[in-house]
Amino acid sequence: MTSVISKLNAEHYLWGDGFDGWHLLKREDISVIQERVPAGGSELMHYHQVARQFFFILEGQGTLVFKDQSIELHIGEGLEIPPGVPHQFSNFSNNDVRFLVISVPQSHGDRITV
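Keep in mind that this is a model prediction, so the values were computed, not measured.

Draft legend 1. Fine view of the overall build of the protein. Of the regular secondary structure elements, the protein holds 0 helices and 11 strands. Reading the protein from its N end, one meets helices and strands in the order β-β-β-β-β-β-β-β-β-β-β. Relative to the 2.2 N^0.38 estimate, which gives 13 Å for 114 residues, the radius of gyration of the protein is 13 Å and therefore close to what a compact globule would have. Each principal axis of the C-alpha distribution contributes one length, and for the protein these read about 45 × 30 × 25 Å. Taking contacts inside the protein between residues at least 6 apart in sequence as the whole, the part at least 24 apart equals 62%.

And the structure:
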């Protein structure tokens with residue numbers, strides 16, 4: 001039987017420099033994670049060999065940085081990242097950003113730092 005999932009009962013983990021993640025759906029074929037990155041936070045530039053990802057902003061604003069461009073995302077906006085594309089999620093704002101990362105298949109173990 002399926003059950004309702006939220007940040008309150010999801011598996012929580014810490015990553016980066018004080019970032020939060022909650023596994024809302026954790027399967028080999030798909031992953032849905034809610035993440036929080038504090039003001040000024042940024043992950044390392046990386047890519048995934050197999051996983052395709054979709055980032056969707058729930059609160060605040062975030063920036064996806066690529067080799068040749070940066071794309072700022074606001075509440076209610078999302079962006080797809082195909083496999084093999086180096087990217088970096090950054091929070092250049094003065095507030096936390098909360099967002100969903102949907103990966104098909106799951107991206108854990110499929111991350112190559114550039």
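Draft legend 2. Focus on unusual backbone geometry. Here the amide bond leading from V104 into P105 is cis, since omega sits at -15 degrees, within 30 degrees of zero. Tracing the backbone through its elements, the reader meets P105 in the loop between β10 (97-104) and β11 (111-113).

Draft legend 3. Broad picture of the pattern of salt bridges. By the definition in use, this model includes 8 salt bridges. Close ionic contact of E80 with R52 constitutes a salt bridge, the shortest N to O distance being 2.5 Å. Taken together, the positions of E80 in strand β8 (residues 78-81) and R52 in strand β5 (residues 52-59) put the pair 28 residues apart, joining distant regions of the chain. Overall, R52 belongs to the partly exposed group, its relative accessible area being 38%.

Draft legend 4. Main features of the nonpolar core. Membership of the largest hydrophobic core comes to 16 residues, with the highest contact counts inside it found for V37, F55, L64, F89 and F99. Elements supplying a minimum of two residues to this core: β1 (11-15), β3 (31-37), β5, β8 and β10. Non-local contacts of F99, meaning those with residues more than four positions away in its chain, are made with I33, Q34, E35, V37, F55, F56, I57, L58 and F89.

Draft legend 5. Expanded view of the sheet that holds β8. The strand order across the open sheet formed by 6 strands is β1-β2-β3-β10-β5-β8, and the pairing between neighbours is antiparallel. The sheet is open, and its two edges are formed by β1 and β8, each paired on a single side. For this sheet, the mean inter-axis angle between neighbouring strands, taken without regard to orientation, is 25 degrees. In the sheet, β1 pairs with strand β2 (residues 19-26) via 5 bridges, with the strands oriented antiparallel.

Draft legend 6. Representation of the sheet that holds strand β9 (residues 88-90) in the model. Spatially, 3 strands are ordered β7-β6-β9 in an open sheet, and the strand pairing comes out antiparallel. Looking at the sheet topology across the chains shown, the edges are occupied by β7 (70-73) and β9. Averaged over all pairs of adjacent strands, the angle between strand axes in this sheet comes to 25 degrees, irrespective of strand direction. As defined by bridge partners, strand β6 (residues 62-65) adjoins β7 across 4 bridges and the pair is classed as antiparallel. Within the sheet, the bridge partner assigned to L64 lies in β7 and is I71.

Definitions and cut-offs
Residues numbered from 1 in each chain as written. Predicted model: local features only at pLDDT ≥ 70, side-chain atom pairs only at ≥ 80, totals over all residues. Heavy atoms only, no water. Helix = DSSP H or I, 4+ residues; strand = E, 2+ residues; numbered from the N terminus. Rg over C-alpha atoms; globule rule 2.2 N^0.38 Å. Contact = heavy atoms within 4.5 Å. Salt bridge = Lys/Arg side-chain N within 4 Å of Asp/Glu carboxyl O. Buried < 20%, exposed > 50% of the residue type's maximum accessible area, 1.4 Å probe, protein only. Core = buried A, V, L, I, M, F, W, Y, C linked by side-chain atoms within 4.5 Å. Pairing = 2+ DSSP bridges. Axes fitted to C-alpha atoms, helices over the stretch in contact; angles between N-to-C directions.

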